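Survey of secondary and tertiary structure
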Amino acid sequence: MKIITYNVNGLRAAVSKGLPEWLAQANPDILCLQETKLQPDQYPGEVFEALGYKSYLYSAQKKGYSGVAILTKQEPDHVEYGMGMEAYDNEGRFIRADFGDL
């Protein structure tokens, strides 16, 4: 299984700068993103769905701030949003996906 983690410093900007093309070439099974800096209604899901990825997002309450996402070609067994610590959960800093023994 190929897993890549990437701090995109703004997902919409990364998409416009070639992230989908890089993703198609790198072809990870799972892509973990940090600093997405968007709300769910701003997420360009169709771009990633076209490449075969299902998306899980956890955004900050403050618009344009932090946020994480997991893009995966394999359905996770479980997805956990937040860590139960309000200060961090409000900032959208933690998402966990479980895959079998991983």
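Structure shown above.
Summary of the structure given here. (Residues numbered from 1 in each chain as written. Predicted model: local features only at pLDDT ≥ 70, side-chain atom pairs only at ≥ 80, totals over all residues. Heavy atoms only, no water.)

Broken down by element type, the chain carries four helices and six strands. When the helices and strands of the chain are listed from N to C terminus, the series reads β-α-α-β-α-β-β-β-α-β. Relative to the globule expectation of 13 Å for 102 residues, the C-alpha radius of gyration of the chain, 13 Å, shows essentially globular dimensions. Viewed in the frame of its principal axes, the chain has a C-alpha envelope of about 35 × 35 × 20 Å. The proportion of buried residues among the 102 residues of the chain is 42%. Sequence-distant contacts in the chain: of pairs separated by 6 or more residues, those separated by 24 or more amount to 64%. Just so you have it, the chain exposes about 5,900 Å², and 48% of that area is on carbon and sulfur atoms. Of note, the chain has its 10 positive side-chain charges centred 9 Å away from the centre of its 14 negative side-chain charges. (Helix = DSSP H or I, 4+ residues; strand = E, 2+ residues; numbered from the N terminus. Rg over C-alpha atoms; globule rule 2.2 N^0.38 Å. Buried < 20%, exposed > 50% of the residue type's maximum accessible area, 1.4 Å probe, protein only. Contact = heavy atoms within 4.5 Å. Areas by Shrake-Rupley, 256 points an atom, 1.4 Å probe, with all protein chains shown as cover. Lys, Arg positive; Asp, Glu negative; His and termini not counted. Charge placed at Lys NZ, Arg CZ, Asp CG, Glu CD.)

Across all of its chains, the model carries three aromatic pairs by this definition. Summarising the aromatic geometry, the rings of Y6 and W22 are spaced 5.3 Å apart at their centres and angled 80 degrees between planes, so their arrangement reads as edge-to-face. In this pair, Y6 is assigned in strand β1 (residues 3–7) and W22 in helix α2 (residues 19–26), connecting sequence segments 16 residues apart. According to the relative accessible area criterion, W22 is partly exposed, its value standing at 30%. Summarising the aromatic geometry, the rings of Y58 and Y81 are spaced 6.0 Å apart at their centres and angled 50 degrees between planes, so their arrangement reads as tilted. Of this pair, Y58 sits in strand β3 (residues 54–58) while Y81 sits in strand β5 (residues 78–81); the two residues are 23 residues apart in sequence, bridging distant segments of the chain. (Phe/Tyr/Trp six-rings, centres within 6.5 Å; stacked < 30°, edge-to-face > 60°.)

Turning next to the side chain of Q39. One can find Q39 in the loop between β2 (30–34) and α3 (45–49). Given a relative accessible area of 13%, Q39 falls into the buried group. Ignoring any residue separated from it by four or fewer positions in sequence, one finds Q39 in contact with S59, A60, Q61, K62 and K63.

Moving on, we come to α2. Regarding α2, the residues found buried are L19, P20, L23 and A26. Angular distribution of buried residues about the axis of α2 spans 130 degrees; they occupy a single face of the element. Turned more than 90 degrees away from the buried face of α2, the exposed residues are E21 and Q25. If you follow the buried residues of α2, they end up packed against β1, α1 (11–16), β2, α3 and β4 (68–72). (Arc of directions from axis to C-beta.)

As a general point, the strands of a sheet are linked pairwise by backbone hydrogen bonds and lie either parallel or antiparallel. The four strands lie next to each other as β1-β2-β4-β3, forming an open sheet whose pairing is mixed. Lying at the two open borders of the sheet, with one neighbouring strand each, are β1 and β3. For this sheet, the mean angle separating the axes of adjacent strands, direction not counted, is 15 degrees. Where β1 and β2 come together, five bridges link them in parallel fashion. By the bridge assignment, I3 is partnered in β2 with I30. Running over the sheet, α2 touches β1, β2 and β4 and is turned about 160 degrees from β1. (Pairing = 2+ DSSP bridges. Axes fitted to C-alpha atoms, helices over the stretch in contact; angles between N-to-C directions.)

Purely spatial values, then, with no claim about function.
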